[in-house]
Amino acid sequence: MFTGIIETLGIVEKIKQTKVSRKIVIIGCNDLYDLANGDSISVNGVCLTVTQKKEKMFYMDLVSETLDKSNLGEIIEGDYVNLERAMRVSDRFGGHILQGHVETIGVILDKQQQKKNAVISVGLDPEWMRFCIPKGSIALDGISLTIARIEANIIEIALISHT
């Protein structure tokens, strides 16, 4: 389980395609010092398992389901990704409760800057709109957000400057 409060950014160091999966290596930062083999980590909102850890680098395997239903199939070496370690029961839930089981990809259609804040319009496949409610929570790239407005198959997200 995750909160959708991004801890840090990572850099995609290496991507290797195998017959059954895609292996990725991410360079994290000192904030992830306690990450260990077998741990769950949210990468752009997708719950992945650390298969190997070496100093600041950690390795994960992505299967076709993950590549099809998230933007991780489009990342390239050198890209930045959002990272969040799994919650501990003793931690505060600073955002929303997120499973990291991504269902679909949205498309950013518009961004309106409003001084330090912004409103982003995201288009979704109409079949997923039944899960969206005004003031309901949604995660984009692992970031816990609130739906401000819905029109047809478009949701609007209001972003404060901190986000």
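Our subject is the structure that appears above.
K.L.:
So what exactly am I meant to see when it comes to the overall build of the protein chain here?
P.N.:
Assigned secondary structure in the protein chain consists of one helix and 12 strands. Expected size for 163 residues packed as a compact globule is a radius of gyration near 15 Å; at 16 Å, the protein chain falls within 12% of this value. C-alpha atoms of the protein chain, sized along the principal axes, occupy 45 × 35 × 30 Å. Relative to its 163 residues, the protein chain shows a buried fraction of 35%. Carbon and sulfur atoms provide 52% of the accessible area of the protein chain, an area that totals close to 10,100 Å². Counting 18 positive and 21 negative side-chain charges, the protein chain places the averaged centre of each group 3 Å from the other.

K.L.:
Just checking my understanding: could you explain the sheet that holds strand β5 (residues 52-54) for this structure?
P.N.:
Hydrogen bonding along the main chain pairs the strands of a sheet, whether they run parallel or antiparallel. The strand order β4-β3-β7-β1-β2-β6-β5 describes an open sheet built from seven strands, whose pairing is antiparallel. What marks the edges here is a single partner per strand, and that holds for β4 (46-49) and β5. For this sheet, the mean inter-axis angle between neighbouring strands, taken without regard to orientation, is 35°.

K.L.:
What is the right way to look at the pattern of salt bridges in this model?
P.N.:
When the charged atoms of two side chains lie near each other, side chains of opposite charge can form a pair. According to the stated counting rule, one finds six salt bridges in the structure shown. Between Glu156 and Arg149 there is a salt bridge, with its nearest N and O atoms 3.0 Å apart. Residue Arg149 is classed as partly exposed on the basis of its relative accessible area, which comes to 42%. Residues participating in the shared-partner salt-bridge network are Glu7, Asp34 and Arg85.

K.L.:
I would appreciate a short explanation of a nonpolar patch on the surface in the present structure.
P.N.:
Together, Met1, Phe93 and Ile97 line one region of the surface with nonpolar side chains, adding up to about 310 Å² of accessible area. In this structure, Phe93 sits in the loop between β7 (80-85) and β8 (107-114). On the accessibility criterion, Phe93 (45% relative accessible area) is partly exposed.

K.L.:
Even after reading the chapter, I still don't get the sheet that holds strand β11 (residues 143-151), so can you show me in this structure?
P.N.:
Sheet architecture is open: five strands sit in the order β8-β9-β12-β11-β10, paired in antiparallel fashion. Pairing within the sheet leaves two strands with one partner each, and these edge strands are β8 and β10 (137-140). Between one strand and the next, the sheet's axes are offset by a mean angle of 40°, whatever the strand orientation. As paired elements, β11 and strand β12 (residues 154-159) share four bridges and run antiparallel to each other. When the bridges of β12 are listed, Glu151 appears paired with Ile154.

K.L.:
Hey, could you run me through the side chain of Arg85 in this one?
P.N.:
Looking at the secondary structure, you find Arg85 in strand β7. Excluding anything up to four places from it in sequence, Arg85 contacts Phe2, Glu7, Asp31, Leu32, Asp34, Leu35, Ser40 and Ile41.

K.L.:
Any chance you could explain the pairing of β4 here in plain terms?
P.N.:
Side-chain direction in a regular strand flips from residue to residue, so the side chains alternate between the two faces of the sheet. By the alternation rule, side chains of β4 split into Val46 and Leu48, which are all buried, and Cys47 and Thr49, of which none is buried. Where strand β3 (residues 40-43) meets β4, four bridges bridge the pair, whose relative direction is antiparallel. By the bridge assignment for β4, Ser40 is matched with Thr49. With antiparallel pairing between neighbouring strands as the criterion, β3 and β4 make up a hairpin whose turn holds two residues, including Asn44 at a positive phi of roughly 50°.

K.L.:
Just checking my understanding: could you explain the state of the cysteines for this structure?
P.N.:
Chemically, a disulfide is nothing more than a covalent bond linking the sulfur atoms of two cysteines. Summed over the entire model, instances satisfying the criterion amount to zero disulfides. Its sulfur unpaired, Cys47 is 19 Å from the next cysteine sulfur, which belongs to Cys29.

K.L.:
What's the story with unusual backbone geometry in this structure? I'm lost.
P.N.:
If a residue is not glycine, its phi is most likely negative; likewise, a peptide bond is most likely trans. For Asn44, which is not a glycine, the phi torsion comes out positive at approximately 50°. Of note, Asn44 is situated in the loop between β3 and β4. The backbone of Lys115 sits at a positive phi, close to 55°, despite the residue not being glycine. As for its placement among the helices and strands, Lys115 is situated in the loop between β8 and β9 (117-123).

Definitions and limits used
Residues numbered from 1 in each chain as written. Predicted model: local features only at pLDDT ≥ 70, side-chain atom pairs only at ≥ 80, totals over all residues. Heavy atoms only, no water. Helix = DSSP H or I, 4+ residues; strand = E, 2+ residues; numbered from the N terminus. Rg over C-alpha atoms; globule rule 2.2 N^0.38 Å. Buried < 20%, exposed > 50% of the residue type's maximum accessible area, 1.4 Å probe, protein only. Areas by Shrake-Rupley, 256 points an atom, 1.4 Å probe, with all protein chains shown as cover. Lys, Arg positive; Asp, Glu negative; His and termini not counted. Charge placed at Lys NZ, Arg CZ, Asp CG, Glu CD. Pairing = 2+ DSSP bridges. Axes fitted to C-alpha atoms, helices over the stretch in contact; angles between N-to-C directions. Salt bridge = Lys/Arg side-chain N within 4 Å of Asp/Glu carboxyl O. Patch = residues over 30% accessible without salt bridge, like charges linked within 9 Å, V, L, I, M, F, W, Y side chains within 5 Å. Contact = heavy atoms within 4.5 Å. Disulfide = S-S within 2.5 Å.

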